[in-house]
Amino acid sequence: MVTRQATPWVVIPKPNPSASVRLFCFPYAGGTAAGFRKWPAGLPNSVEVWSVQYPGRGSRIRESPFTRIAPLVDAAAEALMPYMDSPFAFFGHSMGAVVAFELSRILRRELSRTPLHLFVSGRRAPQVVDDTDEIYKLPDDEFVEELRRLNGTPAEVLEHKELMQLMLPLLRADFEAIGTYEYREEPPLACPISAFGGLEDQDVSRDNLAAWRSQTTSSFSVRMMPGDHFFLHSGEPLLLGALAQELAKF
């Protein structure tokens, strides 16, 4: 057994050494590990939440954020693989869904294992091409307006010019990472995949989510929930209830 939380890549909001499953949670662009701090209260006691902290935020604020998905996933794999010595599952929202998916494929190649379950949220299937991913190239004022439309950044933050000047480089880096992501064909995973989406999400449709079906040879489901792209916050209890139902099987 490895020393717990010995890497800056994870935050464990409520340590639970007796848990039978570790749920690694991967944030969206601009997100932090703190976004999952309340999750343990909504999940079974058999689940321990491991929130992933990307470089450039939280306790890692002095580190440079990645601007490409592949090196981010490679670094995450190197740091997190020692912690996958017991049963684990992945949850990723938006950019985090891609990180979780690509990390699952690395684990299959290098360890011949995958998560017990892959939960993807607010992100079209990786093979679905979209030409709207160049948000990071917008001028500052247009970039901020796009953030406002997505509704994932509090209005008081968007209107705080000094704070936004500090946050813009990180946000641009994350949006560049996901905007330049290139999917590469590989055989589908063997683990179940559950896809979640917001009914009012203007950018990720049910069809986009249903396309994840081709990425697994195991069971697959799609569930649409009330809310926009950030339904994981507005509808957190409903989402956690769905996760709890699946994770209770392990």
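Note that the structure is predicted; figures quoted are calculated from it, not measured.

Undergrad: How do you make sense of the overall build of the protein when you look at a structure like this?
TA: A count of helical and extended segments in the protein gives 8 helices and 7 strands. What you see for the protein is a C-alpha radius of gyration of 17 Å, in line with the 18 Å of a compact globule of 250 residues. Considering only C-alpha atoms, the protein reaches an extent of 45 × 40 × 35 Å along its principal axes. By the burial criterion, 52% of the 250 residues in the protein qualify as buried. Once local pairs closer than 6 in sequence are excluded, the contacts in the protein between residues at least 24 apart make up 78%. Of the accessible surface of the protein, which amounts to about 11400 Å², a share of 53% is contributed by carbon and sulfur atoms. Averaging the coordinates of the 25 positive side-chain charges in the protein and doing the same for the 31 negative ones gives two points 7 Å apart.

Undergrad: Looking at this structure, I do not really get the sheet that holds strand E2 (residues 21-26). What am I missing?
TA: Neighbouring strands of a sheet are bound in pairs by backbone hydrogen bonds; such pairs are parallel or else antiparallel. Strand order in the open sheet formed by 7 strands is E1-E3-E2-E4-E5-E6-E7, and the pairing between neighbours is mixed. Bordering the open sheet on either side are strand E1 (10-11) and strand E7 (220-225), each of which pairs with just one other strand. Pairing of E2 with strand E3 (residues 47-52), which is carried by 5 bridges, proceeds in the parallel orientation. Bridging across to E3, Leu 23 finds its partner in Val 49. The sheet contacts of helix H8 (residues 236-247) involve E2, E3, strand E4 (88-93), strand E5 (118-121), strand E6 (193-198) and E7, and relative to E7 the element is tilted by about 160°.

Undergrad: Got a minute to help me understand empty space enclosed by the protein in this structure?
TA: To find leftover empty space, a probe the size of one water molecule is rolled over the atoms. Applying the stated criterion across every chain, the model contains 1 cavity of 30 Å³ or more. Put simply, the largest cavity is a space of about 40 Å³. Taken together, Tyr 54, Pro 55, Arg 57, Phe 66, Leu 72, Met 95, Asp 174 and Ala 177 form the lining of the largest cavity. In terms of residue class, the lining of the largest cavity is made up of 6 nonpolar, no polar and 2 charged.

Undergrad: Is there a simple way to explain the layout of surface pockets in this structure?
TA: Taken as a whole, the second largest pocket encloses approximately 320 Å³ of empty space. Along its surface, the second largest pocket is lined by 14 residues, and Ala 70, Glu 102, Tyr 181, Glu 182 and Arg 184 are the ones closest to its centre. Across the lining of the second largest pocket, the residue classes tally to 5 nonpolar, 1 polar and 8 charged.

Undergrad: Explanation requested: the pairing of E6 in the structure shown.
TA: Extensive coverage of E6 is indicated by the burial of 6 of its 6 residues. Across the two faces of E6 the burial is the same, with Ile 193, Ala 195 and Gly 197 and Ser 194, Phe 196 and Gly 198 all buried. Note: E5 against E6, 4 bridges, orientation parallel. The partner of Phe 119 across the bridge, within E6, is Ser 194. Across 6 bridges, E6 lies against E7 in parallel orientation. In the sheet register, Gly 198 faces E7, and the bridge partner there is Met 225.

Cut-offs used in this document
Residues numbered from 1 in each chain as written. Predicted model: local features only at pLDDT ≥ 70, side-chain atom pairs only at ≥ 80, totals over all residues. Heavy atoms only, no water. Helix = DSSP H or I, 4+ residues; strand = E, 2+ residues; numbered from the N terminus. Rg over C-alpha atoms; globule rule 2.2 N^0.38 Å. Buried < 20%, exposed > 50% of the residue type's maximum accessible area, 1.4 Å probe, protein only. Contact = heavy atoms within 4.5 Å. Areas by Shrake-Rupley, 256 points an atom, 1.4 Å probe, with all protein chains shown as cover. Lys, Arg positive; Asp, Glu negative; His and termini not counted. Charge placed at Lys NZ, Arg CZ, Asp CG, Glu CD. Pairing = 2+ DSSP bridges. Axes fitted to C-alpha atoms, helices over the stretch in contact; angles between N-to-C directions. 1 Å grid on protein atoms, 1.4 Å probe; cavity = no way out; pocket = protein on both sides within 12 Å on 5 of 7 lines; lining within 4 Å. Points joined across faces, edges and corners; volume = space filled by probe spheres on them. Nonpolar A, V, L, I, M, F, W, Y, C, P; charged D, E, K, R; others polar.

On their own, these measurements won't tell you what the molecule is for.
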